[in-house]
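# Breakdown of the fold
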Amino acid sequence: SGMRSLPNSYKLAKYVKIGQLYLECDDAVAADAFINRASVLIPESTDEAIRLHYNVCYARILDSKRKFYEAGLKYYDLSQVEKKDYNGHNITDDDLLQALEFSISCAVLAPAGPKRSRLLATLYKDERAQTLPSYSILQALHLERILRKEDVEAYAKSLRPHQLAGM
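The present account deals with the structure reproduced in this document. (Residues numbered from 1 in each chain as written. Predicted model: local features only at pLDDT ≥ 70, side-chain atom pairs only at ≥ 80, totals over all residues. Heavy atoms only, no water.)

The next subject is helix α6 (residues 114-125). Taking 1.5 Å of rise per residue, twelve residues should cover 16 Å, and α6 covers 16 Å from first to last C-alpha, within 8% of that figure. Those residues of α6 that sit buried are Arg116, Leu119, Leu120, Ala121 and Leu123. Residues of α6 that are buried sit in contact with α4 (68-79), α5 (93-109) and α7 (135-142). (Helix = DSSP H or I, 4+ residues; strand = E, 2+ residues; numbered from the N terminus. Expected span 1.5 Å × (residues − 1). Buried < 20%, exposed > 50% of the residue type's maximum accessible area, 1.4 Å probe, protein only. Contact = heavy atoms within 4.5 Å.)

Following this line, the structure appears as structure tokens:
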């Protein structure tokens, strides 16, 4: 037969890379197809760098599919990653803060309910969140304060295009 069998680690790396490239082109639907293929192979992977890239792609896909609660949890998990070198990819404080910022954005946009409230409380208690521009809106939502129209409009300017659709 003309087909050759490739190792699962190779396939996983390629699926994740293709998913990343589609996300860079803002094609979340195509990226989702490849990340779903990778999801079957990810449990047996021991490569931490690939697992990290997969999780980043998966969080971005959840975000683009407007599953904001799930994306917020995923981004928060990513913001908790240990800073170290992942096969040549250094994780910096800025990367972790950006993941935390994305987590806050998704938590703010998530549907109201007890799960969202728990996520908002977790983010509010995170000391790093106090340094972020979105902390004031996080604080207001967590403490159940009424938001002024100017605050909402200012916050809307910080959102990415796919997040604005529902506002």
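This is not the end of the story, as more comes after the structure.
Residue placement: isoleucine 42 occurs in the loop between α2 (28-41) and α3 (48-64). Relative accessible area serves as the criterion here: at 10%, isoleucine 42 is assigned to the buried category. In the structure, isoleucine 42 is positioned 19 residues away from isoleucine 61 in sequence and 16 Å away in space, judged by C-alpha atoms. Residue contacts for isoleucine 42: discarding those within four places in its chain leaves Leu12, Ile50, Arg51 and Tyr54.

Right, let's talk about the packing of aromatic side chains for a bit. Applying the stated criterion across every chain, the model contains five aromatic pairs. Aromatic pair tyrosine 54 and tyrosine 58: ring centres 6.0 Å apart, planes at 5°, arrangement stacked. Separated by four residues within a single helix, tyrosine 54 and tyrosine 58 lie in helix α3, roughly one turn from each other. The rings of Tyr15, Tyr22 and Phe34 are connected pair by pair, giving a single aromatic cluster. When the ring centre of phenylalanine 34 is taken as reference, the NZ or CZ atom of arginine 37 above it lies at 4.8 Å. The side chain of arginine 160 reaches across the aromatic face of phenylalanine 102, ending 4.0 Å from its centre. (Phe/Tyr/Trp six-rings, centres within 6.5 Å; stacked < 30°, edge-to-face > 60°. Lys NZ or Arg CZ within 6 Å of the ring centre and 35° of its normal.)

What follows concerns the environment of lysine 84. Examined against the element boundaries, lysine 84 turns out to sit in the loop between α4 and β1 (85-86). Residue lysine 84 is classed as partly exposed on the basis of its relative accessible area of 31%. Considering only alpha carbons, one finds lysine 84 and alanine 13, 71 residues apart in sequence, at a separation of 20 Å. Aside from chain neighbours lying at most four places away, what touches lysine 84 is Glu48, His89, Asn90 and Ile91.

If you check the backbone angles, arginine 66 has positive phi at about 65° while not being a glycine. On the secondary structure map, arginine 66 appears in the loop between α3 and α4. Within the chain, glutamate 144 stands out as a residue other than glycine whose phi angle is a positive 55°. Mapping glutamate 144 onto the fold places it in the loop between α7 and α8 (149-156). Owing to a relative accessible area of 69%, glutamate 144 belongs among the exposed residues under this scheme.

At a minimum axis separation of 8 Å, α4 and α5 run at an interaxial angle of 160°. Taken together, α4 and α5 sit at an angle that is classed as roughly antiparallel. Here the hand of the crossing between α4 and α5 comes out left-handed. Between α4, through Phe68, Ala71, Gly72, Tyr75, Tyr76, Leu78 and Ser79, and α5, the contact on the second element is made entirely by Leu96, Ala99, Leu100, Phe102, Ser103, Cys106 and Leu109. Broken down by class, the residue content of the contact of α4 with α5 amounts to eleven nonpolar, three polar and no charged. (Axes fitted to C-alpha atoms, helices over the stretch in contact; angles between N-to-C directions. Parallel < 35°, antiparallel > 145°, perpendicular 65-115°, else oblique. Left-handed = near helix turned anticlockwise from the far one by under 90°. Nonpolar A, V, L, I, M, F, W, Y, C, P; charged D, E, K, R; others polar.)

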